[in-house]
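Spelled out, the chains give:
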There are 2 protein chains.
Amino acid sequence: MLASTGPTLAQAPGPQPQPTSNPVPARSMDEIIAAATPGDWRTPAHEDTLYLELESGRVVIELAPDFAPEHAANIRALARGHYWDGLSINRSHDNFVVQWGDPAEEEADRKPLGEAKAKLPAEFVRQAAGLDFHPLPDPDGWAPQVGFVDGFPAARHPDAGTAWLAHCYGMVGAGRDMAADSSNGTELYVVTGQSPRQLDRNITLVGRVLQGIERLSALPRGTGPLGFYESAEERTPIRAIRLASEVPEAERSALQVMRTDTALFDELVEARRNRRDAWYKTPAGHIDLCNVPLPVRAAPDSEATDD
Amino acid sequence: MLASTGPTLAQAPGPQPQPTSNPVPARSMDEIIAAATPGDWRTPAHEDTLYLELESGRVVIELAPDFAPEHAANIRALARGHYWDGLSINRSHDNFVVQWGDPAEEEADRKPLGEAKAKLPAEFVRQAAGLDFHPLPDPDGWAPQVGFVDGFPAARHPDAGTAWLAHCYGMVGAGRDMAADSSNGTELYVVTGQSPRQLDRNITLVGRVLQGIERLSALPRGTGPLGFYESAEERTPIRAIRLASEVPEAERSALQVMRTDTALFDELVEARRNRRDAWYKTPAGHIDLCNVPLPVRAAPDSEATDD
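Residues numbered from 1 in each chain as written. Chains lettered and ligands numbered in written order. Predicted model: local features only at pLDDT ≥ 70, side-chain atom pairs only at ≥ 80, totals over all residues. Heavy atoms only, no water.

Draft legend 1. Region of interest: the relation of the copies chain A and chain B. For the match of chain A to chain B, the screw axis carries a shift of 0.0 Å, the RMSD comes to 0.0 Å, and the turn is 180 degrees. Read as a symmetry element, the transformation amounts to a two-fold axis. A high fraction, 100%, of the interface residues of chain A reappear at the interface in chain B, so the copies pair face to face through one surface. (Least-squares fit on C-alpha atoms with pLDDT ≥ 70 in both. Contact = heavy atoms within 4.5 Å.)

Draft legend 2. Seen up close, helix α4 (residues 263–273) of chain B. Within the sequence span of α4(B), burial applies to Leu264(B), Phe265(B), Leu268(B), Val269(B), Ala271(B), Arg272(B) and Arg273(B). Buried residues along α4(B) sit in contact with α1 (29–34), β8 (145–149) and β16 (255–258) of chain B. (Buried < 20%, exposed > 50% of the residue type's maximum accessible area, 1.4 Å probe, protein only. Helix = DSSP H or I, 4+ residues; strand = E, 2+ residues; numbered from the N terminus.)

Draft legend 3. Representation of the state of the cysteines in the model. Residue and element names in this part refer to chain A. Counted according to the given criterion, the structure contains two disulfides over all chains. Note on cysteine connectivity: Cys168 is disulfide-linked to Cys290, with sulfurs 2.0 Å apart. Of note, the bridge from Cys168 to Cys290 carries an S-S torsion of about -75 degrees and is left-handed in sense. With Cys168 in the loop between β10 (162–165) and β11 (171–174) and Cys290 in the loop between α4 (263–273) and β17 (296–298), this pair connects stretches of sequence that are 122 residues apart. The exposure class assigned to Cys168 is buried, which follows from its relative accessible area of 5%. (Disulfide = S-S within 2.5 Å.)

Draft legend 4. Spotlight on the pairing of β10(A). Residues and elements named next belong to chain A. Across the two faces of β10 the burial is the same, with Thr162 and Trp164 and Ala163 and Leu165 all buried. Pairing analysis gives two bridges linking strand β6 (residues 126–127) to β10, with the strands arranged antiparallel. Of the residues in β10, the one forming a bridge with Gln127 is Thr162. In this structure, strand β9 (residues 152–157) lies alongside β10, joined through four bridges in antiparallel fashion. Opposite Arg156, over in β10, you have Ala163 as the bridge partner. Linking β9 back to β10 in an antiparallel pair, the connection comprises four residues, with Gly161 at a positive phi of about 75 degrees. (Pairing = 2+ DSSP bridges.)

Draft legend 5. Expanded view of the pairing of strand β15 (residues 240–243) of chain A. Residue and element names in this part refer to chain A. Both faces of β15 are covered, namely the face carrying Ala240 and Arg242 and the face carrying Ile241 and Leu243. By the bridge criterion, four bridges tie strand β2 (residues 49–54) to β15 in an arrangement that is antiparallel. Bridge pairing in β15 places Glu53 opposite Ala240.

Draft legend 6. Spatial organisation of unusual backbone geometry. Positive phi outside glycine occurs at Arg201(A), with the angle close to 65 degrees. Within the chain, Leu226(B) stands out as a residue other than glycine whose phi angle is a positive 60 degrees. Here Leu226(B) is to be found in the loop between α3 (214–217) and β14 (236–237). Residue classification places Leu226(B) among the buried positions, given a relative accessible area of 4%.

Draft legend 7. Main features of the sheet that holds strand β1 (residues 41–42) of chain B. One open sheet accounts for three strands, arranged β1-β16-β17 (chain B); its pairing is antiparallel. At either margin of the open sheet sits one strand with a lone partner, and together these are β1 and β17 (296–298) of chain B.

Draft legend 8. A look at the interface of chain A and chain B. The partner chain B presents 74 residues to the 74 residues of chain A that form the contact. Counting the surface lost from both chain A and chain B, the interface buries some 6700 Å², and carbon and sulfur atoms represent 55% of this. Here chain A is connected to chain B by zero salt bridges. Summed over the shared surface of chain A and chain B, the number is 25 residue pairs in polar contact (both at pLDDT 80 or more). Of all the elements in the fold, those that place two or more residues in the side of chain A that touches chain B are β4 (88–93), β5 (97–101) and α3 (214–217) of chain A. (Buried area = accessible area lost by both parts, 1.4 Å probe. Salt bridge = Lys/Arg side-chain N within 4 Å of Asp/Glu carboxyl O. Polar contact = N/O pair within 3.5 Å; in protein donor to acceptor, adjacent residues only side chain to side chain.)

Okay, here's the thing in structure tokens:
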């Protein structure tokens, strides 16, 4: 039999037929998502939702103020001041990150920050107390424990009482220089490759991409050092970055994020930890934090989004 | 201080300054690579080297016949018969794989295989005995032990005596249908996202990309199910796939791969496990198999390659 051009490598959202021999077949991820009730989803706050507008369309980002309150506040101020409008995506480093901000090399040539602060504290870790941390039972090499907090992949250290966001695909962080407190949210990056977990606790993560990451991850790679573009022509212009709260309701992308603190989500993780469809011959018996899908959908009562 | 547009997120091959307070500074990855002796490198065999020729340039792949001898032999036969010439890249699934082969949906419309076999055995695992397995001391959630075999990321099960290649970024596999033995090497995929280790022991890996992966990983994502392109126009034509042994010497990409069974390589892994440059504030103390870089260089006595 020839290898077909069809779904020869099964992965969501593809079909996942159940083995007929199983008397109580486990549900597939698609079936689990289809069975979700309204209470299994949450709607990100408009104040925490950023729209990065490119010629190719919109990228939707949810901020994580529980982990980076100062950065989230500054990013809101930058967005309200239209700071990024007319700036550009300046870097695409294969198997690592895409990054945007002010391409000016000289500080004197940089765009003014308006109402935003030039300097913020580092927000690498926070106290674990007060977070609704939903742990993953699977071991992790980078942290004593990993799991999810309101839909964000995270880690914590039970003895130290600290928690932090994890550098998984699609996570958004604030670029910095050598000093730990040298990020202010003007330079943002998105993870577009193998999870660079070595960055955890070394740089401030501020959120994650909910929709449209392919508008970033498929950008041509920069050929300069660290994947920076070598000429202005290679950069992708940013039309605007706006808070959803600043956009007319009709122009919003009405999205919902699957809650990660429910029995349904645990079932979804198990469906991915041990694939039970007929394609898989050897279920892994394990899942890494950054391999867990975090479903996003258009809000059921919304108009179709632009994606 | 503003976050600069310079190397705000340090990663090789960027500069990695040493902390001046360290009396015996550990070498950075760049310094370790620069200090490598000729014996730290090996030259892939021409019979195991594939050139995937696209309009954008060449992608160089090294086959892994130690793990997939039947597939490697069939892929050689397919390349000698110019099987892929004029076929196309048919799929780019964000954060997963790029895949190529015959886009024809009907078996009757498919390109004949020439001297190659239509059917092969599954080569998911092999006996660990006989492999020069260089273990990584770091724990792994997907396998009892992970490490490297001649430059390929791999795993093994000491009790079962089995070993297999691991689905890291850049690994190349043979697409299959439902049956374990339904791959024959005509459909090949490359991992272009977070390592899908759940595929380990479920599909035959045949090698890895040594150079030019950005010609695949930055392709526009397909908008059909599983990232397949929905129209012929979206597909990227394959000019040719050739074995290096079939190409005139002057047209070869003379590459060397760093050996993974040396003290130098162990030092490199440690330099990535615990980053000691001033940018990092909290070394991870751990590295995942798929985060270990596997250096490739132009052979020192060769002409410049096309990359």
